[in-house]
Amino acid sequence: MLSNAEIGIDLGTANILIYSRSKGIVLNEPSVVAIDMNTKRVVAVGAEAKEMVGKTPQNIVPIRPLKDGVIADYDVTAQMLKEFLKKVSKKMGLSMRKPTVVVCTPSGSTTVERRAIHNAVTSYGAKHVHLIEEPVAAAIGADLPVDEPVANVIVDIGGGTSEVGIISFGGVVTCNSVRAGGDKMDEEIIHHIRKHYNILIGERTAENIKIEIGYAHPNHKEETMEVRGRDMVTGLPKTITVTSTEIHTALRELLQQIFATIQSTLETCPPELSGDIVDHGIVLTGGGALLKGIKEWLSHELIVPVHIAPNPLESVAIGTGKALKMINKLQKAAR
C-alpha cells in the first residue's frame, strides 16, 4: 500500500487515463458519466456509462463533462474524477489518501480553465497538484528527449483538440492547438450520412465507421461497410452501404485544419531548430494517430519524416506519470 500515491491523469475529452508511478496505467475509460436527473446521483461512469449512450430512460442522462479538451461541467467532472479514483483505489490496492497528482492541460487553455482542472482534482483531496502542458506530456510519453536542446515536434490528435508543439530543453518553444479531433470527425461522418442518405446515425456508429473505414490518405484501396440507422423520412430502421472514399471526403476539411495547424507551428519554429525537424521529423500521438493512412498523408504533405508514437493512446498519461520525476525541472523551464 502506498501512503502517498503519485499519479498522473490524462483528462481527455474522449478518455480518462490514470497512471500510477508504481503500477503504470491503472485506468483507461471513456470520459462519460450517467446521471439520474431526479436525484442528481451518479449512476455509472466510464465504459459502463458509455454503453448507456442513446439507450437510457428519460431520467438517466449520459454526460460528457469535458468538451474540446476543457471542463464544460465542473461539478460533474469533479464527481467523475472521484468515482474513477475510488475505482483505482479499490482495484489496485492503492491508497489514494492525499496523492501527488500531475494533470495535463491543453496548451491553449485559459487561466480560468486551468484553475477549474486544478480545483476539480484538489476537491478529491490531492496533496499537491501540478499542471503540465499536453504537448510536453505527450512528448515525454513518446520517449522523446525533451530535456535536450533539440527540436521535438509532437502532434497530439485527441478527442476534442489537436495540439502541435515544438519542445526543446524541457519547455515549449512554440505550440498551437485547434479544436478539431476525433469527436469532430464523428460529427462530420454523422452530418455526411444525414445529408447524402437521409439516415440518422448515433455517435457510437460514427466512431465505428471512422475506425473501420476512415482514411486520411485520398489514395487507398476502397473499402465498404454496412451501416444501420433511422430513415428520416419514414422513421424506420434502414441499412445502407458506405465507402471509405466518401468517408475520406467527409473528413477532408477537418484533416486540412489539422495540417494547417502543423504547418503554422513549423513556420514559427526558430531557424536553429528547423534542421532537427528535417532530420528527426514529427511524432504523432493521440487516438487520431490511429486513423488509417495519416502517417503517409502527412509525410507526403509536409515532406518531413512522420512517426507514430509506440503507444499513441497512452502517451499523454505515461508522460504525466513520468513527469512526476522531472516536475521540478519542467517547472523551472516554464517560468
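Going along each chain's sequence as written, the residues are numbered from 1 onward. Selection of residues for local features in this predicted model requires a pLDDT of at least 70, selection of side-chain atom pairs for listing and counting requires 80 or more, and totals for whole chains, interfaces and linings are taken over all residues. Heavy atoms throughout the structure, all of them, feed into the side-chain values; hydrogens and water do not.

With respect to the pattern of salt bridges
When a carboxyl oxygen of Asp or Glu is within 4 Å of a side-chain nitrogen of Lys or Arg, the pair counts as a salt bridge. This structure, assessed with the given rule, holds 11 salt bridges. With its nearest N and O atoms 3.6 Å apart, the salt bridge here joins Glu51 to Arg204. One end of the pair, Glu51, is in helix 1 (residues 47-51); the other, Arg204, is in helix 6 (residues 203-213), with 153 residues separating them in the sequence. Partly exposed residues are those whose accessible area sits between 20% and 50% of the maximum for their type, while under 20% is buried and over 50% is exposed, using a 1.4 Å probe and protein chains only. Here Arg204 falls in the partly exposed class, since its relative accessible area comes to 30%. As a salt-bridge pair, Arg114 and Glu133 come within 3.4 Å of each other at their nearest N and O atoms. Placement of the pair is Arg114 in helix 3 (residues 111-122) and Glu133 in strand 10 (residues 128-133), with a sequence separation of 19 residues. Under the relative-accessibility criterion, Glu133 is labelled partly exposed at 23%. Counted as one network, the salt bridges with shared partners bring together Arg64, Asp183 and Glu203. Strands are runs of DSSP state E lasting at least 2 residues, helices are runs of H or I lasting at least 4, and numbering of each runs from the N terminus.

A few points about the packing of helix 5 (residues 182-197) against helix 6
Note on geometry: axes are C-alpha line fits, over the in-contact stretch for helices, and angles between N-to-C directions span 0 to 180 degrees. Here helix 5 crosses helix 6 at 100°, and the two axes come no closer than 9 Å. As summarised for this structure, helix 5 and helix 6 are arranged roughly perpendicular, according to the angle between their axes. Contacts between helix 5 and helix 6 involve Gly182, Met185, Asp186, Ile189, Ile190 and Ile193 from the former and Glu203, Ala206, Glu207, Ile209 and Lys210 from the latter. Classification convention: Asp, Glu, Lys, Arg as charged; Ala, Val, Leu, Ile, Met, Phe, Trp, Tyr, Cys, Pro as nonpolar; all other residues, Gly among them, as polar. Tallied by class, residues from the contact of helix 5 with helix 6 come to 6 nonpolar, 1 polar and 4 charged. Orientation is classified from the angle alone, with under 35 degrees giving roughly parallel, over 145 giving roughly antiparallel, 65 to 115 giving roughly perpendicular, and any other angle giving oblique. In this description, contact between two residues means that some pair of their heavy atoms is separated by no more than 4.5 Å.

Observations regarding the nonpolar core
Working definition of a nonpolar core: buried Ala, Val, Leu, Ile, Met, Phe, Trp, Tyr and Cys residues. They are joined through side-chain atoms within 4.5 Å. Membership of the largest hydrophobic core comes to 42 residues, with the highest contact counts inside it found for Ile201, Ile262, Ile277, Ile294 and Leu298. The element contributing the most residues to this core is helix 7 (residues 244-267), with 8 residues. Beyond its immediate sequence surroundings of up to four residues, Ile262 is in contact with Val155, Val164, Ile282, Leu298 and Leu302. Core analysis: the next-biggest nonpolar cluster, separate from the first, contains 26 residues, Leu11, Val26, Val33 and Ile35 among them.

Function cannot be inferred from these measures alone, as they are strictly geometric.
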